[in-house]
Amino acid sequence: DAKTTQPTSMDCAEGRAANLPCNHSTISGNEYVYWYRQIHSQGPQYIIHGLKNNETNEMASLIITEDRKSSTLILPHATLRDTAVYYCIVRVSDSARQLTFGSGTQLTVLP
Amino acid sequence: GAVVSQHPSRVICKSGTSVKIECRSLDFQATTMFWYRQFPKQSLMLMATSNEGSKATYEQGVEKDKFLINHASLTLSTLTVTSAHPEDSSFYICSARGGGDGNQPQHFGDGTRLSIL
């Protein structure tokens, strides 16, 4: 699976949009981009995933560049409860394959 | 949404004890379950992958005789840490994915914090 690069940490003001970038320049055509987050001492929580089109759900939006080499997770109105480590993961479409976690981005939402 | 339940959430026990952790998919059938381990300030590391009715596949460096995995049904997998020692103290997290479309997300339990005294 392709490697991803994320900033180590980011801060965001409460109520503002949080934009978390991810580089995956070696992504191949059959690899999806997944985003998870892990709040301290909890299991990871699925946020969103996509292949090449932008995606939106009740939690976030995922913007994937046209060349698919990078993506941005957008939390439109960050709250204090969004403080977590956010993981960007690319994975082939294969139900037997695991998710491989990198270091992620520590997002801190400030009051 | 898909729910994965993990039990117990916390275990404290003496060295040499065996500990069993259960992972259940509550509203879907999990053909594949994954067990991860996370040490403080580190990311999740995959320990093993299990498919219902077959033997688990362990990652390099994970002792299969120490970490026994059973995936007897489509909704239940168990991890038994045998003869646990202080170095086995960690945060153990299970994950499950249903069958069908391979791009379906994995869903995670809330983890089990294991402390060996």
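Residues numbered from 1 in each chain as written. Chains lettered and ligands numbered in written order. Predicted model: local features only at pLDDT ≥ 70, side-chain atom pairs only at ≥ 80, totals over all residues. Heavy atoms only, no water.

S.K.: Would you mind going over the overall build of chain A in detail, with residue names and values included?
M.R.: Tallying secondary structure elements over chain A gives zero helices and nine strands in all. When the helices and strands of chain A are listed from N to C terminus, the series reads β-β-β-β-β-β-β-β-β. Taken against the 2.2 N^0.38 rule, which gives 13 Å for 111 residues, the C-alpha radius of gyration of chain A at 13 Å falls within 12% of a compact globule. Burial statistics for chain A: of 111 residues in total, 45% are counted as buried. Intrachain contacts of chain A at a sequence separation of at least 6 include 57% that bridge at least 24 residues. Accessible surface, chain A: about 5500 Å² in total, of which carbon and sulfur atoms supply 48%. (Helix = DSSP H or I, 4+ residues; strand = E, 2+ residues; numbered from the N terminus. Rg over C-alpha atoms; globule rule 2.2 N^0.38 Å. Buried < 20%, exposed > 50% of the residue type's maximum accessible area, 1.4 Å probe, protein only. Contact = heavy atoms within 4.5 Å. Areas by Shrake-Rupley, 256 points an atom, 1.4 Å probe, with all protein chains shown as cover.)

S.K.: Which residues make up the overall build of chain B, and what values do they have?
M.R.: Within chain B, the secondary structure is distributed over zero helices and eleven strands. Sequence-ordered secondary structure for chain B, helices as α and strands as β, is β-β-β-β-β-β-β-β-β-β-β. Against the 2.2 N^0.38 benchmark of 13 Å for 117 residues, chain B shows a C-alpha radius of gyration of 14 Å, consistent with a compact globule. Across its three principal axes, chain B shows a C-alpha extent of roughly 40 × 25 × 25 Å. Counting over 117 residues, chain B shows a buried share of 51%. At a minimum sequence separation of 6, the contacts of chain B that also span at least 24 residues come to 55%. Of the roughly 5700 Å² of accessible surface on chain B, a fraction of 50% belongs to carbon and sulfur atoms. Charge-centre separation for chain B: the mean point of 11 positive side chains lies 6 Å from the mean point of 10 negative side chains. (Lys, Arg positive; Asp, Glu negative; His and termini not counted. Charge placed at Lys NZ, Arg CZ, Asp CG, Glu CD.)

S.K.: So what about the interface of chain B and chain A? Which residues, and what values?
M.R.: Contact with chain B, which involves 23 residues of that partner, is made by 21 residues of chain A. Summing the contributions of chain B and of chain A, the shared interface buries around 1700 Å²; its carbon and sulfur component is 50%. If you look at where chain B meets chain A, you find zero salt bridges. Run the count over chain B and chain A and you get five residue pairs in polar contact (both at pLDDT 80 or more). For the side of chain B that touches chain A, the secondary-structure elements that each account for two or more residues are β4 (30–38), β5 (45–51), β9 (90–98) and β10 (107–108) of chain B. For the side of chain B that touches chain A, the per-class residue count stands at eight nonpolar, eleven polar and four charged. (Buried area = accessible area lost by both parts, 1.4 Å probe. Salt bridge = Lys/Arg side-chain N within 4 Å of Asp/Glu carboxyl O. Polar contact = N/O pair within 3.5 Å; in protein donor to acceptor, adjacent residues only side chain to side chain. Nonpolar A, V, L, I, M, F, W, Y, C, P; charged D, E, K, R; others polar.)

S.K.: Let's hear about the sheet that holds strand β8 (residues 84–92) of chain A: which residues, and what values?
M.R.: Residues and elements named next belong to chain A. Pairing in this open sheet of five strands is mixed, and the strands run β1-β9-β8-β3-β4 from one edge to the other. Edge strands, defined here as strands with exactly one partner in the open sheet, are β1 (9–13) and β4 (45–50). Neighbour-to-neighbour, the strand axes of the sheet open up by a mean angle of 25°, direction not taken into account. The pairing of β1 with strand β9 (residues 105–110) spans five bridges and is classified as parallel. Residue pairing across strands places Cys12 opposite Val109, the latter belonging to β9. (Pairing = 2+ DSSP bridges. Axes fitted to C-alpha atoms, helices over the stretch in contact; angles between N-to-C directions.)

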